[in-house]
Each structure stands twice: as structure tokens, then as C-alpha cells.
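Structural features, examined
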Amino acid sequence: TQLLEQSPQFLSIQEGENLTVYCNSSSVFSSLQWYRQEPGEGPVLLVTVVTGGEVKKLKRLTFQFGDARKDSSLHITAAQPGDTGLYLCAGARSSARQLTFGSGTQLTVLP
Amino acid sequence: SQTIHQWPATLVQPVGSPLSLECTVEGTSNPNLYWYRQAAGRGLQLLFYSVGIGQISSEVPQNLSASRPQDRQFILSSKKLLLSDSGFYLCAWKRLALSYNEQFFGPGTRLTVL
């Protein structure tokens, strides 16, 4: 069974601060997705990274895929209360039809 | 554009009662379909997935079953609910032509078994 470990599990910060969420595995993934989920709703896809070392930016969010394609990080600059939510990483093996999800990081940004 | 629907949004059922949750996808053909369960504030546990009508793969032995009677319809069922079946159930779809396994989720069903 592939495992994706996310850290931290919980993060509470003040508006304007920066933060980084990590997603680590001992397995190699062909692609990795990041999702954000709000209470009572389904996860929404933020980004997909597919190349080792790839960096993608989405406004104040920066996503990086590790060189060995075993880990990823999400960095948020100048966090806002609207960034509050559960952040999930999910990895895919090239031969598999399913995703392996991380355990999630619950982010709370206080105004 | 593609949309995915789940119903009901919330459900409260007694232990031992049957269950039927429905998921439908619009705007795409022959998608892969998935059922997940999520504990509060945690990651997703894959329950079932389907690559076509009548084709179901089970990931976790349990009290639940799934069926795909039509191309864009996926149903999660149980004959007798257990307390441990409570949770947030999510349906998702993936285009076969999309190579990166990106999945798109429905709004979920909150199930409480009493």
C-alpha cells in the first residue's frame, strides 16, 4: 500500500503570514494533485504536477514536485481567511486507475 | 461542461436499515467513477471504483456494495447499516483520456447512522 504523509496535520496562523504544507512518500508517483476542501463540500482540484522539480504558481500558492517525484510542497504567501480549508495531496502511479490521498492538513487563517 | 451530482446531501438512518446513495455525471462519456469515505477533517478512503458499466472493483472489505447500472450512474448500497458506516461519502469521476488521474468530486453525502 502506498502512503502519503502530510504535515502538519493542523495549522492555525494569522492573516498575512506565510506557510508551507508538506506531502511525503517513499513511493514514486507519475503525477501529484493538490485539492482544497471546505466543510460539507467535495474537494476541489487546485493543481497537478507531473515533472520532477516542477514548480507551479497559482496566485499566492506555489506548488513544487520533488526531483525524485516522491514528495511535494504547497507554499502560501500572505495567507488570507479565504485560504482556510482542508488541503489534500493525492498521488497517482502510472499503471493505477486510482489516487492515493494524504491524510490532509487543516488550515485556519485568522483575521 | 461536466457536472457531478450526489443525493441525498444528508441522511440519518437507524442501524440495520438499508442504504442507497446515488451519483450521476453529466457532460462526459465512459468516465471512471469512484466512491470514497472521509472521516471528519481527514483524508479520503477509496471504497469502490468502476471503469465501465457493471464493472466494480472493491478496495476495502466492508458492509457496503456498489453498482454501475448505466454509464454515468454509480450507486453505493448497504443491506444493513452499521454505526461505523457513518461518515462523509464522496463520488468522483475521471476522464479516461486524461492521463494524470485528475479526479473531480461531487458535493458529498453526510450519513449518520444512529
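First, a word on scope: everything that follows refers to the structure included in this document.

1. As for the interface of chain B and chain A
Contact with chain B, which involves 23 residues of that partner, is made by 23 residues of chain A. In total, about 1,800 Å² of surface goes out of reach between chain B and chain A, with carbon and sulfur atoms giving 54% of it. For the chain B face of the interface with chain A, the top three residues by lost area are Arg42, Tyr100 and Asn101 of chain B, together amounting to 29%. At the boundary of chain B with chain A, the tally comes to zero salt bridges.

2. A closer look at the state of the cysteines
Residues and elements named next belong to chain A. Inspection of every chain in the model, using the stated rule, returns two disulfides over all chains. Disulfide partner of Cys23: Cys89, at an S-S distance of 2.0 Å. With the S-S bond torsion at 80 degrees, the cross-link from Cys23 to Cys89 turns out right-handed. Taken together, the residues span a long stretch of sequence, with Cys23 in strand 3 (residues 19-24) and Cys89 in strand 9 (residues 85-92) at a distance of 66 residues. A single burial state applies to Cys23 and to Cys89, both of which are buried.

3. A few points about the packing of aromatic side chains
Per the stated rule, a full pass over the model turns up ten aromatic pairs over all chains. An aromatic cluster is defined as three or more aromatic residues linked by ring pairs; in this entry it consists of Tyr35 and Phe101 of chain A together with Tyr34, Tyr36, Tyr49 and Phe105 of chain B.

4. Brief notes about the sheet that holds strand 8 (residues 73-78) of chain B
All names here are of chain B. An order of 1-3-8-7 is seen for the four strands of this open sheet, with the pairing classed as antiparallel. Of all the strands in the sheet, just strand 1 (3-7) and strand 7 (65-70) have a single pairing partner and so form its edges. With strand direction ignored, the average angle separating the axes of adjacent strands in the sheet is 20 degrees. Across four bridges, the pairing between strand 7 and strand 8 is antiparallel. Across the sheet, residue Ser65 finds its bridge partner in strand 8, namely Ser77.

Rules of the game
- Going along each chain's sequence as written, the residues are numbered from 1 onward.
- Whichever chain is written first is A, and whichever ligand is written first is 1; the rest continue in order.
- With the structure being a predicted model, the display of local features is reserved for residues of pLDDT at least 70 and the display and counting of side-chain atom pairs for 80 or more, all residues being used for whole-chain, interface and lining totals.
- With hydrogens and water stripped out, all remaining heavy atoms of the structure feed into the side-chain values.
- Residue contacts are defined here by distance: any two heavy atoms, one from each residue, within 4.5 Å place the two residues in contact.
- Defined in terms of a 1.4 Å probe, buried area is the accessible area two parts forfeit on being brought together, summed over both.
- A pairing counts as a salt bridge when a side-chain nitrogen of Lys or Arg comes within 4 Å of a carboxyl oxygen of Asp or Glu.
- Throughout, disulfides are identified as pairs of cysteine sulfur atoms within 2.5 Å of each other.
- Put simply, DSSP marks the helices as runs of H or I at least four residues long and the strands as runs of E at least two long, and each gets a number from the N terminus on.
- Burial classes follow relative accessibility: with a 1.4 Å probe on protein chains only, a residue under 20% of its type's maximum area counts as buried, one over 50% as exposed, and anything between as partly exposed.
- We call Phe, Tyr and Trp rings a pair once their centres come within 6.5 Å, taking the six-membered ring for Trp, and we label the pair stacked below 30 degrees between planes, edge-to-face above 60, and tilted otherwise.
- Strands qualify as paired when DSSP identifies two bridges or more between them.
- Fitted lines through C-alpha atoms serve as axes, helices being fitted only where they are in contact, and the angles separating the N-to-C directions of these axes extend from 0 to 180 degrees.

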